[in-house]
Amino acid sequence: MESYNEHTLNQYHIMGETEEESLILFWQPAKDGIRLLRVLGNTPCLILPEAIEGQPITEIGAYCFSQSERELPADYNVSAVSAKYHLDDTLTPSHLLREKRISPEDIPAGGSQRISGRFVESITLPSEVTTLHNAAFYNCRNLHTLSAGALIHAIGSDEFTNCSRLTQLFIRGKDSDKTGLSLILERIETDLKVYFRPGSSITGALFFPEYYEWLDEISPAHIFSRSIHGEGFRMRKCFENQIVDYKKYDQCFENALAVESEKSLCQIALARLRWPNQLDNQQAILYENTLRNHLSIAVKEAISNKDLELLLFLCNKLSFQTKEYTQAINACTEADWAAGAAGLMEEKHKHSSFAAKTFDFDDF
């Protein structure tokens, strides 16, 4: 499972001096802006513009990115947009350079493909989007990252069905504000890492583990009872007026200890300790003890994602001793991650007794 790290950020950067990206957008006017119907292009990592012809994109139409293509309405429009991105610039819709409306006959033959289904890997939605219509992302089986603004308040059915690789969600808003996160979580039952990123930096994060639900038939009356396995269901309900309720979320951890996997427990604890918003001392100690009890799992999580920042966080938070450093360095070496091993050795040196000791000529 991929986590937020430098590699993830590179999804939002073009590696090269300059690169131009062209998109063909099918759309129609909506109540408060534009409804996006279909997108053509050549990039699996899609960043949509904020507006078309000066009107904000506020809705993602039914089956817009779905593998299943639906017939377009009679009143659709087509616009060609082109954006240029420079090395190390964050890709944002503001980089849009050119835009013009075109006729369907003017679409270049063979130059673009539909950005949908198995092709698409990450999508950055416009900030003003409020509505996701039915099955907009249906069968996007390789979609692993979604970035959305804070204004979503209406979501249709079968929105993320078969999006089994969707493991990261960026909310471009504060965790102290109302967002559409609770609605999105209702549609995603699999493991999901959520990051609050109102600007250029992450200010909060939560991990929601997978849960299962099924119906048991009580014979012979043909009455069904609903069964749910996994604390992920209750964790997804930890909102008050569409704002994250950290206290309720943290209270779920005691039950999670009994039913969740060691890996899930570590991911819950890591997210809360790295961004300890409204985290009280007693709960922090519980999370730290969980990481200590499953230290090899936590270290493996950082190494598998080549997340040096996370690895160094573990070293400092849990006060690694020589034994822990040695084991972690060996694990990096086995994973052929030289940067991780070097980072650990440097960190070990910083905290060693030799690094802390000072000398003068009287010592010799």
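What counts, and where the lines are drawn
Residues numbered from 1 in each chain as written. Predicted model: local features only at pLDDT ≥ 70, side-chain atom pairs only at ≥ 80, totals over all residues. Heavy atoms only, no water. 1 Å grid on protein atoms, 1.4 Å probe; cavity = no way out; pocket = protein on both sides within 12 Å on 5 of 7 lines; lining within 4 Å. Points joined across faces, edges and corners; volume = space filled by probe spheres on them. Nonpolar A, V, L, I, M, F, W, Y, C, P; charged D, E, K, R; others polar. Axes fitted to C-alpha atoms, helices over the stretch in contact; angles between N-to-C directions. Helix = DSSP H or I, 4+ residues; strand = E, 2+ residues; numbered from the N terminus. Parallel < 35°, antiparallel > 145°, perpendicular 65-115°, else oblique. Left-handed = near helix turned anticlockwise from the far one by under 90°. Contact = heavy atoms within 4.5 Å. Expected span 1.5 Å × (residues − 1). Buried < 20%, exposed > 50% of the residue type's maximum accessible area, 1.4 Å probe, protein only. Arc of directions from axis to C-beta. Core = buried A, V, L, I, M, F, W, Y, C linked by side-chain atoms within 4.5 Å. Polar contact = N/O pair within 3.5 Å; in protein donor to acceptor, adjacent residues only side chain to side chain. Pairing = 2+ DSSP bridges. Phe/Tyr/Trp six-rings, centres within 6.5 Å; stacked < 30°, edge-to-face > 60°. Lys NZ or Arg CZ within 6 Å of the ring centre and 35° of its normal.

1. Thoughts on the layout of surface pockets
Then, number 1: There is about 210 Å³ of room inside the second largest pocket.
Then, number 2: Around the second largest pocket sit 15 residues that line it, and F160, R187, I188, E189 and T190 are the ones nearest its centre.
Then, number 3: For the lining of the second largest pocket, the per-class residue count stands at six nonpolar, four polar and five charged.

2. Notes on the packing of helix α8 (residues 295-304) against helix α9 (residues 308-317)
Then, number 1: Direction vectors running N to C along α8 and α9 enclose 155°, while the axes themselves pass 7 Å from each other. The orientation of α8 relative to α9 falls into the category roughly antiparallel. As α8 packs across α9, the resulting crossing turns out to be left-handed. Where α8 approaches α9, its residues A298, V299, A302 and I303 are matched on the opposing element by L310, L311 and L314.
Then, number 2: Classifying every residue of the contact of α8 with α9 by side-chain character gives seven nonpolar, no polar and no charged.

3. Describing helix α10 (residues 322-334)
Then, number 1: With 13 residues, α10 should reach 18 Å at 1.5 Å per residue; the first-to-last C-alpha distance of 18 Å fits that figure.
Then, number 2: Within α10, the full set of buried residues consists of Y325, A328, I329 and C332. One side of α10 carries all its buried residues, which in axial view fall inside an arc of 100°. Facing away from the buried side of α10, by more than 90 degrees, are the exposed residues K323 and E334.
Then, number 3: Contacts from the buried residues of α10 go to α8, α9 and α11 (338-351).
Then, number 4: With its phi angle positive at about 60°, D336 sits one or two positions after the end of α10.

4. Re the packing of α10 against α11
Then, number 1: The N-to-C vectors of α10 and α11 enclose an angle of 165°; their axes lie 8 Å apart at closest approach. Accordingly, the angle class assigned to the pair α10 and α11 is roughly antiparallel. The element α10 and its partner α11 pack so that their crossing is left-handed. Between α10, through T322, Y325, T326, A328, I329, C332 and T333, and α11, the contact on the second element is made entirely by G340, A341, L344, M345, E347, K348 and H351.
Then, number 2: A breakdown of the residues in the contact of α10 with α11 according to their chemical character gives seven nonpolar, five polar and two charged.

5. Quick notes on the nonpolar core
Then, number 1: Formed by 81 residues in total, the largest nonpolar core has its most connected members in F65 and F137.
Then, number 2: With six residues, helix α6 (residues 262-274) is the single largest residue contributor to this core.
Then, number 3: Contact partners of F137, with chain neighbours within four places excluded, come to F65, I123, L125, L132, L143, L146, E159, F160, T161 and C163.
Then, number 4: Judged by nonpolar contacts, the second largest core, of eight residues, contains L37, L40, L72 and V78.

6. A word on helix α7 (residues 281-293)
Then, number 1: With 13 residues, α7 should reach 18 Å at 1.5 Å per residue; the first-to-last C-alpha distance of 18 Å fits that figure.
Then, number 2: Taken as a whole, α7 has its buried residues at Q283, A284, Y287, E288, T290 and L291. Viewed along the axis of α7, the buried residues span an arc of 155°, placing them on a single side of the element. The outward face of α7, more than 90 degrees from its buried face, is lined by the exposed residues N281, Q282 and N293.
Then, number 3: Residues of α7 that are buried in the fold lie against α4 (246-251), α5 (253-259), α6, α8 and α9.
Then, number 4: Residue D280 occupies the N-cap position of α7, its side-chain oxygen lying 3.2 Å from the main-chain nitrogen of Q282.

7. Here's the deal with the pairing of strand β13 (residues 168-171)
Then, number 1: Residues Q168 and F170 point to one face of β13 and L169 and I171 to the other, with burial holding for every one of them.
Then, number 2: Summarising the sheet, β13 and strand β14 (residues 192-196) pair through four bridges and their orientation is parallel. Considered in β14, the bridge of I171 is made with F196.

8. Some words on the environment of S116
Then, number 1: Mapped onto the secondary structure, S116 falls in the loop between β8 (113-114) and β9 (122-124).
Then, number 2: The buried category is assigned to S116, whose relative accessible area is 8%.
Then, number 3: Spatially, the C-alpha atom of S116 lies 9.1 Å from that of Y63, the residues being 53 residues apart in sequence.

9. Overview of the packing of aromatic side chains
Then, number 1: Summed over all chains, the structure comprises nine aromatic pairs.
Then, number 2: Ring centres 5.1 Å apart and planes at 5° place the aromatic pair F137 and F160 in the stacked group. Separated by 23 residues along the polypeptide, F137 in the loop between β10 (131-132) and β11 (145-148) and F160 in the loop between β12 (154-155) and β13 bring together distant segments of the chain. F160 shares its class with F137; the two are buried.
Then, number 3: Measuring from ring centre to ring centre gives 5.7 Å for F208 and Y249, while their planes differ by 75°; the resulting arrangement is edge-to-face. Taken as a pair, F208 in strand β15 (residues 204-208) and Y249 in helix α4 lie far apart in primary sequence, 41 residues in all. Neither F208 nor Y249 differs from the other in exposure class; each is buried.
Then, number 4: Taken together, the aromatic side chains of F65, F137 and F160 make up a single cluster linked through ring pairs.
Then, number 5: In this structure, R38 packs its charged tip against the face of F26, placed 5.8 Å from the ring centre.

10. Digging into the sheet that holds β11
Then, number 1: The strand order across the open sheet formed by six strands is β3-β9-β11-β13-β14-β15, and the pairing between neighbours is mixed. Either end of the sheet is taken by a strand with one partner, and the two such strands are β3 (45-47) and β15. Averaged over all pairs of adjacent strands, the angle between strand axes in this sheet comes to 10°, irrespective of strand direction.
Then, number 2: The pairing of β9 with β11 spans three bridges and is parallel. Opposite T124, over in β11, you have S147 as the bridge partner.
Then, number 3: Contacts from α6 reach β14 and β15 within the one sheet, and its direction differs from that of β15 by about 165°.

No statement about biological role is implied by the geometric values presented.
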